[in-house]
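Here is what each chain is made of, one letter per residue.
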Amino acid sequence: ICLPDGKVVRKYQKELATPGMEGRNCIVVAPTGTGKTLVACMIISANLKRHGLKGKVLFLVTKIPLANQQYEELKRHIKGARIMIVTGESRNSLSLSTLLSTHEIVVCTADLLKNDLHTGNVLLKDISLIVFDECHHCKGRTPYSFIMTEYLKRKFREEEIQLPQIVGLTASPGAGDSRKPDLNKTVDHLIQMSALLDAEAGYITVKENITELHQYTTKTNFKRVPIPGRTDGDDFQALLIKYVSKLDIVIQQVTGKSAKQEVTDQGYINFLSILLQESKLRPEGAENERNIRAIIEHLQHYTKILHYYFDYECEDSLLAMRNKLRSPAPDRATQVEKELQTLFTSFCQEAFQVGKTSNPKLEKLKMLLRENFGTKTTNKRAIIFVTEVENAVRMQEWIQKQPELNGCIQPGVVTGHSRDTSNGMTQEVQNAIIADFRSGKFNLLVATSVLEEGIDVPACNLIIRYQHVTNEISLVQSKGRARAVDSECYAIIGKGTPKELQELQNEEKNHLVNDVIEHHLPPQSQWNLALQKFQVSTLETVEREERLEMEQKKQHRIEDVQLLCGSCSTLVCYGQDLSLEGVYYLVNCDKVKGKFNCKEYKKPYIRPTIQIQNSIHCSECDQKWGLEMCRVTKGLTYRHLCLGCDKFIFVIKGERRTFKKWKLVTFKIPRSSN
């Protein structure tokens, strides 16, 4: 282990590292900013010494920005070992298995290991240690969970197999899926996470050196700021509701169904989603189906603008949704689609003329920013967390338009890889913006949850969660981005809304997690038995689901399948045209020639063997189907369409079906022979 001059490994870090250095499986739990990565480096070094030439370590992360940061940390602290990074966007085309054969340590995103385990390109017996960074993601159907399920299969179903040591790192394991704080459910959740990670040493927290830990733990002052909504009589909101009501009456007439919720409720959006899926299952003639779906899509569009307006301004709401509606070519659009487009144009013209009220949440945000960035000489560094990619872009633009903030705030935006918007970011762009934030070129970032975990910016001293309420882990992680002394974290939320209650419960659940780890988990004498019980139960559940999935694939023959556009019901291709390559479901472009148009993809992916530069859309109705993929194999280029399962209607022996994911389809798709 190599440390900067004058730095030493702290006593609490040695305490956290000891079980892992002894070769035991464990979960290291410590506050953000206290050096969990250094603890991992100590465990990695001990593992490599113990295994000699056979030592191979995988350091897994869930997000690409975190992979780059941890790669640099490992290179800084571990000397004498070859270290490499590989992610889904890595420039090199070397496989994970190749990198493991030439390096002792590989930092990679979990998806890559999941895919290579699935195809057999990487074997667990060839790895000596796997470190799961932010291991609270090991639950449900996440890549972490898949990897550890494969591990448990080998542990219980195969004899005399060598398995890697497992170490998890987290600041908050979470309290489980219960909506309210619940002691018993939290205990079960923590045991289950330990069982899945095979953590026989359990949760490792600081006990003997707690005073020293507190000296190095950033104290972040957290304040909930509940803000009431706009006052009654808002003209823009009234205008939106008027247009929604017009279309709602039409949809009631043609479907015979009406929502029980008000159009301002989230339940109304859910009602429309269900209605849209049901409309795909009723063959009422291609044009009628298309028109019904178009009306529902426009209703969804108006209600999304309305809900966006609850948190932002009128102009921002319209801009955020400006490119979300399908735009069939005039000569391809039905009469109803043309009328809907005319109606929306009329709405936009009226919307910019009606009176509007200011948004109290934005006014409070402006006040906080003025207080913290009041002068150009301030050394403040801040992150505002928002829920969606589009919100981040609009928030940046809103800040730039405020005269009071001009000159003192230089905002940047960091988002993840969104499939449904052009504002998602590539790895290179993310890295550049984060580097500019660290250097001070930007003194404020507006970010989605992609920046919640692990990203280390020592100068950051202000966090604002703007209507960004998810779970108790998110609360801990976002607060942890503030690393400077006397940092502050604010949660701006709607007063009297479900989000206000949820944030209160998140705080209570975090206190409960700490209490359960210290006082309510089974004693060591019963621990392994408790883990084994959950492990056996988990394996039985997984294997039962796998059997059901295999049986499901036998329900229908692929020869009996047709794919229709999910919007206009145009015949796209037949089941036999589909193939599976790796994790991609493809159809050769020649099979659907003349049925789709290409649009420039805003996040091109260009590598030696795969290139993705265009999104593909139905030539009839402009419905997005997926992406165009060009693969280079043995000097030959193959052009395929990579399809999104939820974009299509499947006709199987005359019966209409929809599937959210390809793994749920009831027929077997063959692997590509290329």
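As a reminder, the structure under discussion sits directly above these lines.
Because the structure is predicted, anything quoted here is derived from the model rather than measured.

**Student:** Tell me about the packing of helix H14 (residues 360-372) against helix H15 (residues 389-401), and please be specific about residues and values.
**Tutor:** Interaxial distance between H14 and H15 falls to 12 Å at its minimum, and their mutual angle equals 60 degrees. Our classification of the angle between H14 and H15 gives oblique. Along this stretch, H14 crosses H15, giving a crossing that reads as right-handed. Note on element contacts: H15 touches H14 through Met395, Trp398 and Ile399, opposite Leu362, Leu365, Lys366 and Leu369.

**Student:** Can you tell me about the packing of aromatic side chains, naming the residues and giving the values?
**Tutor:** According to the stated counting rule, one finds 17 aromatic pairs in the structure shown. Ring centres of Tyr312 and Tyr466 lie 5.6 Å apart, and the angle between their planes is 55 degrees; this geometry places the pair in the tilted category. One end of the pair, Tyr312, is in the loop between helix H11 (286-309) and helix H12 (314-320); the other, Tyr466, is in strand S12 (residues 462-466), and 154 residues separate them in sequence. Note on Tyr312: relative accessible area 2%, which makes it buried. Judged by relative accessible area, which is 1%, Tyr466 ranks as buried. On the numbers, 6.0 Å between centres and 35 degrees between planes, the contact of Phe344 with Phe347 is tilted. Of the two residues, Phe344 and Phe347 both sit in helix H13 (residues 335-351), 3 residues apart, roughly one turn of that helix. For Phe347, a relative accessible area of 0% gives the class buried. The ring of Tyr243 has Lys246 lying over it, and the distance from NZ or CZ to the ring centre is 4.7 Å. One residue, Arg381, lies across the ring of Phe437, its end atom 5.8 Å from the ring centre.

**Student:** Can you explain the pairing of strand S10 (residues 411-414)? Please cite residues and give values.
**Tutor:** Across the two faces of S10 the burial is the same, with Pro411 and Val413 and Gly412 and Val414 all buried. Direction of pairing for S10 relative to strand S11 (residues 444-447): parallel, over a ladder of 4 bridges. By the bridge assignment for S11, Gly412 is matched with Leu445.

**Student:** An account of the pattern of salt bridges is requested, with residue identities and associated values reported.
**Tutor:** Side-chain pairs of opposite charge can arise whenever the charged atoms involved come near each other. A complete count under the given rule lists 36 salt bridges for this structure. The partner of Glu150 in a salt bridge is Arg154, and the shortest N-O contact between them spans 3.2 Å. One end of the pair is Glu150 and the other is Arg154, both in helix H6 (residues 143-157) and 4 residues apart, which spans about a single turn. By relative accessible area, which is 10% here, Glu150 ends up buried. For Arg154, a relative accessible area of 18% corresponds to the buried category. Close ionic contact of Arg557 with Asp560 constitutes a salt bridge, the shortest N to O distance being 3.3 Å. The structure contains a network of salt bridges with shared partners spanning Glu150, Lys153, Arg154 and Glu546.

**Student:** Residue-level account of the sheet that holds strand S14 (residues 561-565), with values.
**Tutor:** Here 4 strands make up an open sheet; going across it, the order is S15-S14-S22-S23 and the pairing antiparallel. Looking at the sheet topology across the chains shown, the edges are occupied by strand S15 (571-574) and strand S23 (655-657). Here the average twist between neighbouring strands, direction ignored, is 30 degrees. Bridging between S14 and strand S22 (residues 648-652) involves 5 bridges; their strand directions are antiparallel. The partner of Leu563 across the bridge, within S22, is Phe650.

**Student:** Talk me through unusual backbone geometry; I want residue IDs and the actual numbers.
**Tutor:** A positive phi is found at Asp198, a non-glycine position, where the angle reads about 50 degrees. Of note, Asp198 is situated in the loop between helix H7 (183-196) and strand S7 (203-204).

**Student:** Can you explain the nonpolar core? Please cite residues and give values.
**Tutor:** Leu365, Leu369, Met395 and Ile399 are the most contacted members of the largest nonpolar core, which has 48 residues in total. Every residue in contact with Leu365, bar those within four places of it in the chain, is listed here: Ile384, Met395, Trp398, Ile464, Tyr466 and Ile492.

**Student:** Would you mind going over the sheet that holds strand S4 (residues 105-109) in detail, with residue names and values included?
**Tutor:** Working definition: the strands of a sheet are paired by backbone hydrogen bonds and lie parallel or antiparallel to each other. Read across the open sheet, the 7 strands follow the order S3-S4-S2-S5-S6-S1-S7; overall the sheet is parallel. Where the open sheet ends on each side, the last strands, each with one partner, are strand S3 (83-86) and S7. In this structure, strand S1 (residues 26-29) lies alongside strand S6 (residues 165-170), joined through 4 bridges in parallel fashion. Opposite Ile27, over in S6, you have Gly168 as the bridge partner. Against the sheet, helix H5 (residues 110-119) contacts strand S2 (57-61), S3, S4 and strand S5 (129-133), and its axis sits at roughly 95 degrees relative to S4.

**Student:** Requested: an account of the environment of Leu152, with residues and values cited.
**Tutor:** With respect to the secondary-structure elements, Leu152 resides in helix H6. Owing to a relative accessible area of 1%, Leu152 belongs among the buried residues under this scheme. When the C-alpha atoms of Leu152 and Ala46 are compared, they prove to be 24 Å apart, with 106 residues separating the residues in sequence. Dropping the residues within four chain positions of it, Leu152 is found in contact with Arg157, Ala195, Leu196, Gln535 and Leu539.

**Student:** Talk me through the state of the cysteines; I want residue IDs and the actual numbers.
**Tutor:** Counting across every chain of the model gives 0 disulfides. Left without a disulfide partner, Cys138 is nearest to the cysteine sulfur of Cys135, which lies 7.4 Å away. Judged by relative accessible area, Cys138 falls into the buried class, the value being 2%. Free of any disulfide, Cys348 has its nearest neighbouring cysteine sulfur in Cys314, separated by 9.1 Å.

**Student:** Go over H15, please, and point to the residues and values.
**Tutor:** Between its terminal C-alpha atoms H15 stretches 19 Å, which fits the 18 Å expected from 13 residues at 1.5 Å a residue. In terms of residue burial, H15 counts as a mostly covered element, since 10 of its 13 residues are buried.

**Student:** Give a detailed account of the environment of Lys75, specifying residues and quantitative values.
**Tutor:** Along the chain, the position of Lys75 falls in helix H3 (residues 64-77). What makes Lys75 partly exposed here is its relative accessible area of 33%. For the pair formed by Lys75 and Gln349, sequence separation is 274 residues and the distance between their alpha carbons is 57 Å.

How each quantity is defined
- Residues numbered from 1 in each chain as written.
- Predicted model: local features only at pLDDT ≥ 70, side-chain atom pairs only at ≥ 80, totals over all residues.
- Heavy atoms only, no water.
- Axes fitted to C-alpha atoms, helices over the stretch in contact; angles between N-to-C directions.
- Helix = DSSP H or I, 4+ residues; strand = E, 2+ residues; numbered from the N terminus.
- Parallel < 35°, antiparallel > 145°, perpendicular 65-115°, else oblique.
- Left-handed = near helix turned anticlockwise from the far one by under 90°.
- Contact = heavy atoms within 4.5 Å.
- Phe/Tyr/Trp six-rings, centres within 6.5 Å; stacked < 30°, edge-to-face > 60°.
- Buried < 20%, exposed > 50% of the residue type's maximum accessible area, 1.4 Å probe, protein only.
- Lys NZ or Arg CZ within 6 Å of the ring centre and 35° of its normal.
- Pairing = 2+ DSSP bridges.
- Salt bridge = Lys/Arg side-chain N within 4 Å of Asp/Glu carboxyl O.
- Core = buried A, V, L, I, M, F, W, Y, C linked by side-chain atoms within 4.5 Å.
- Disulfide = S-S within 2.5 Å.
- Expected span 1.5 Å × (residues − 1).

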